[in-house]
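# Examination of the molecular architecture
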Amino acid sequence: MTYAPPEENTLGVIVGEKGRHSKNATVRRLARDDSPRLTSLGTGFVGVGAAILVSLRAIYGLVWLVIQWDIYPNPIIAAVAWGLLVLLIAATITIVQLTSGQLPQWIFYLFVVGLAAVMALDIYAVWELHDIGGYATAAVAAGMALLLVLTVRPTTELIVAVSVVGVGLTAVILINVPLTTDNLAPQVTTVAFAVLPTVIGLSLITNFRQLVQVELDRVLVQSTLTAPRFAVGMMASEELARLDLAAEKLLDSVANGTTKLPLEPKIASTAASLATELRLHLIEGRRETWLYHAITESDLLGKSVTLTDKGSLAGLLDPVQRDGLLSTAWLFVTDTTKRGAKNSVHITIAPSTTVLAPGFEDKVAVGISITSSGVARNRVDASTWEAVAKVGTYTDSIENSSVRLDIECLVDNPADQ
């Protein structure tokens with residue numbers, strides 16, 4: 001049979017019958033795709049590095065301000081712009097530290113407005129020179145200052161902010177500077193210095209968060225390797241604890257007389273619901289294997305891997321074989337030939353008709369077939385073959401442009417256990 005996905009995965013995402021997605025309080029910060037997570041995903045060091053980089057850029061710009069002081073038509077305005085920028089940088093760093101990596105939205109908006117004021121003052125100070133790229137200092141540092149909130153504000157807000165900086169600075173240059181081959185390079189460089197650090201930082205922090213979430217998901221899934229042949233899911237213990245507490249409260253209220261017998265219709269309905277849920281959890285623990293829970297409760301595997309295991313034979317595999325099979329599925333799912341492409345993996349487990357060699361009478365042969373689409377045979381990672389070898393002897397082939405692995409796995413005879 002082909003299993004349907006469960007109601008909750010390892011990142012706490014509950015998938016209902018109507019496709020609803022929700023997150024419990026424990027994992028909301030990790031499961032949300034576009035939320036600020038300084039401490040939850042270990043991005044604190046990234047924030048510290050960004051603060052140091054912005055500070056160094058500010059020092060560099062201040063040095064240029066001093067060097068070009070006599071050239072500026074309005075040096076006092078430029079100095080005011082720098083004073084405001086230094087104040088914004090210091091205030092933002094202080095607030096982020098005091099709030100343990102959280103920056104309220106209204107403070108972020110105030111920060112962005114302050115940066116806009118800094119850019120306006122600095123551009124006004126050098127406007128008469130008609131060379132924004134050659135003389136603007138605080139305006140460039142202001143664009144780079146968005147790095148300070150890289151880890152504490154959602155990606156979408158930062159994309160909008162850096163886009164406005166880039167478009168605004170480009171428009172000002174086009175209006176003010178008579179572009180020639182001699183002064184074009186400084187103008188382009190100025191826009192790049194103001195925009196690219198934040199763009200690169202966003203790319204890095206997004207990839208880092210995705211990496212951490214995938215590794216977190218895999219660590220949780222790895223807990224199934226030592227589970228019994230039939231077991232409840234990884235999230236079932238929390239649910240069973242909730243049901244047990246509700247049942248105890250109901251029984252206690254009946255025992256101390258708080259709830260009168262016979263039960264009122266509403267309370268009786270609640271009791272019946274509790275009994276049904278407990279019964280379903282107990283039944284589920286007798287029919288689903290570790291591999292079913294590992295696949296369906298994984299945020300990554302659940303989207304790409306399907307399992308057919310009519311005899312629940314996956315439960316017979318020992319921990320080493322389980323690790324090899326699970327690692328193979330992970331490597332196939334994450335190994336794509338094209339950026340943005342998604343692999344689909346189908347695992348079929350069934351009894352094998354292979355005649356066992358003498359000396360293996362206490363073993364049972366299980367046939368495992370793994371079909372992966374989306375990755376070419378010559379692009380399969382070398383570690384995939386090492387993982388497959390842990391499961392058993394195998395042969396590989398190409399079937400309908402898909403990689404197919406047929407594995408002969410020897411397991412202990414369940415009749416002897």
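All values derive from a computational prediction rather than experimental measurement.

### Observations regarding unusual backbone geometry
Phi is positive for His130, close to 55°, though the residue is something other than glycine. Mapped onto the elements, His130 comes out in the loop between α4 (105-126) and α5 (132-135).

### Remarks on the pairing of strand β5 (residues 363-373)
Most of β5 is tucked away: 8 of the 11 residues are buried. When strand β4 (residues 344-351) meets β5, the two strands line up antiparallel, connected through 8 bridges. The residue bridging His346 from the neighbouring strand is Thr371, located in β5. Across 10 bridges, the pairing between β5 and strand β7 (residues 402-412) is antiparallel. Considered in β7, the bridge of Ser372 is made with Val403.

### Brief notes about the packing of aromatic side chains
This model, assessed by the stated rule, comprises 3 aromatic pairs. Ring geometry for Tyr60 against Trp64: centres 6.5 Å apart, planes inclined by 70°, an arrangement best described as edge-to-face. One end of the pair is Tyr60 and the other is Trp64, both in helix α2 (residues 44-67) and 4 residues apart, which spans about a single turn. Tyr60 gets classed as partly exposed once you look at its relative accessible area, which sits at 47%. Among the residues examined, Trp64 registers a relative accessible area of 35% and is labelled partly exposed. With centroids separated by 6.0 Å and ring planes inclined at 50°, the aromatic side chains of Phe108 and Tyr109 adopt a geometry described as tilted.

### With respect to the environment of Leu196
Mapped onto the fold, Leu196 is located in helix α8 (residues 184-222). Taking relative accessible area as the criterion, Leu196 reaches 43% and is therefore assigned partly exposed. With 34 residues separating them in the primary sequence, Leu196 and Val162 have C-alpha atoms 8.9 Å apart.

Thresholds, definitions, all that
- Residues numbered from 1 in each chain as written.
- Predicted model: local features only at pLDDT ≥ 70, side-chain atom pairs only at ≥ 80, totals over all residues.
- Heavy atoms only, no water.
- Helix = DSSP H or I, 4+ residues; strand = E, 2+ residues; numbered from the N terminus.
- Buried < 20%, exposed > 50% of the residue type's maximum accessible area, 1.4 Å probe, protein only.
- Pairing = 2+ DSSP bridges.
- Phe/Tyr/Trp six-rings, centres within 6.5 Å; stacked < 30°, edge-to-face > 60°.

Note that all results are geometric; they support no functional claim without further evidence.
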